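# Observations on chain architecture
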Amino acid sequence: MVDPDNAALKKKVSHIGVPAVFKLELACKHLNDAYGGFGCYVVGSALERPDWRDVDVVLILEDKAFLREFPGVADVKTGNFEFDTKWLLHTVAISAWLKEQTGLPIDFKIQSQTFANERHPGTRHPHGLRFSKRRRR
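About the cut-offs
- Residues numbered from 1 in each chain as written.
- Predicted model: local features only at pLDDT ≥ 70, side-chain atom pairs only at ≥ 80, totals over all residues.
- Heavy atoms only, no water.
- Buried < 20%, exposed > 50% of the residue type's maximum accessible area, 1.4 Å probe, protein only.
- Helix = DSSP H or I, 4+ residues; strand = E, 2+ residues; numbered from the N terminus.
- Pairing = 2+ DSSP bridges.
- Expected span 1.5 Å × (residues − 1).
- Axes fitted to C-alpha atoms, helices over the stretch in contact; angles between N-to-C directions.
- Arc of directions from axis to C-beta.
- Contact = heavy atoms within 4.5 Å.
- Polar contact = N/O pair within 3.5 Å; in protein donor to acceptor, adjacent residues only side chain to side chain.
- Left-handed = near helix turned anticlockwise from the far one by under 90°.

### Describing the pairing of strand β1 (residues 39-43)
Across the five residues of β1, five count as buried, placing the element largely inside the fold. Pairing of β1 with strand β2 (residues 55-61), which is carried by five bridges, proceeds in the antiparallel orientation. Residue pairing for β2: Cys40 is matched across the bridge by Leu59. Across three bridges, the pairing between β1 and strand β4 (residues 125-127) is antiparallel.

Below is the structure:
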């Protein structure tokens, strides 16, 4: 028999409420379509506690794709990309667009796979997934 008072059963997957989380899902579909890569993930405090300050959204690109997108970046392992003008424009513009789309305080960033794996070794929740229908024969 399952114990209904078990704290593990009550743990939330995310503390982002409805309908904002659905709006975020939809917006991330557009970003994933536009950029490809590994897609958008929610990381940070919105996954851990109800008193989060903002929602951290990371778009993770393969290292080579990240360097192609941001040719002024010298190394995918360091945070020097946070000073790249093109990266800053993308980050600020997409953060504002996501806020407009969802009503959430969004902290958006694009990261290389290597940097993201080193920076965010914890929980990540993918957003903007697309599922294909299996055709019946």
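There's plenty left to go through after this.
### What about helix α2 (residues 20-35)?
End to end, α2 covers 22 Å across 16 residues, agreeing with the expected 22 Å (1.5 Å per residue, within 8%). Positive phi appears at Gly36, one or two residues downstream of α2, with a value of about 70 degrees.

### Observations concerning the pairing of strand β3 (residues 106-112)
A large share of β3 lies buried, amounting to six of its seven residues. For β2 and β3, the ladder comprises seven bridges, and the chain directions are parallel. Note on β3: the bridge partner recorded for Ile60 is Gln111.

### Focus on the sheet that holds β2
If you walk across this open sheet you meet the four strands as β3-β2-β1-β4, and the pairing is mixed. Edge strands, defined here as strands with exactly one partner in the open sheet, are β3 and β4. Here the strands of the sheet are splayed against their neighbours by 35 degrees on average, with no regard to which way each runs.

### Here's the deal with unusual backbone geometry
Val18 connects to Pro19 through a cis peptide bond whose omega is 5 degrees. Along the chain, Pro19 turns up in the loop between α1 (7-10) and α2.

### Considering helix α4 (residues 85-102)
For α4, which comprises 18 residues, the first-to-last C-alpha distance of 26 Å matches the rise-based estimate of 26 Å (1.5 Å per residue) to within 8%. Residues of α4 that are buried include every one of Trp87, His90, Thr91, Ile94, Ser95, Leu98 and Thr102, and no others. All buried residues of α4 fall inside an arc of 125 degrees around its axis, so they share one side. Away from its buried face, by an angle of more than 90 degrees, α4 presents the exposed residues Thr85, Leu89, Val92, Lys99 and Glu100. Those residues of α4 hidden inside the fold are in contact with α2, α3 (63-69) and β3. Regarding α4, its N-cap is Asp84, as a side-chain oxygen of that residue lies 3.3 Å from the backbone nitrogen of Lys86 further along. Looking at the residues trailing α4, positive phi occurs at Gly103, about 80 degrees.

### Observations regarding the environment of Phe115
Looking at where Phe115 falls in the secondary structure, it is placed in helix α5 (residues 113-119). In the structure, Phe115 is positioned 11 residues away from Leu104 in sequence and 25 Å away in space, judged by C-alpha atoms.

### A closer look at the packing of α2 against α4
The interhelical angle for the contact between α2 and α4, taken along N-to-C directions, is 145 degrees, at an axis separation of 9 Å. The handedness of the crossing between α2 and α4 comes out as right-handed. Between α2 and α4, the residues in contact are Ala20, Lys23, Leu24, Ala27, His30, Leu31 and Tyr35 and His90, Ile94, Trp97, Leu98, Gln101 and Thr102, respectively.

These figures capture arrangement, not role.
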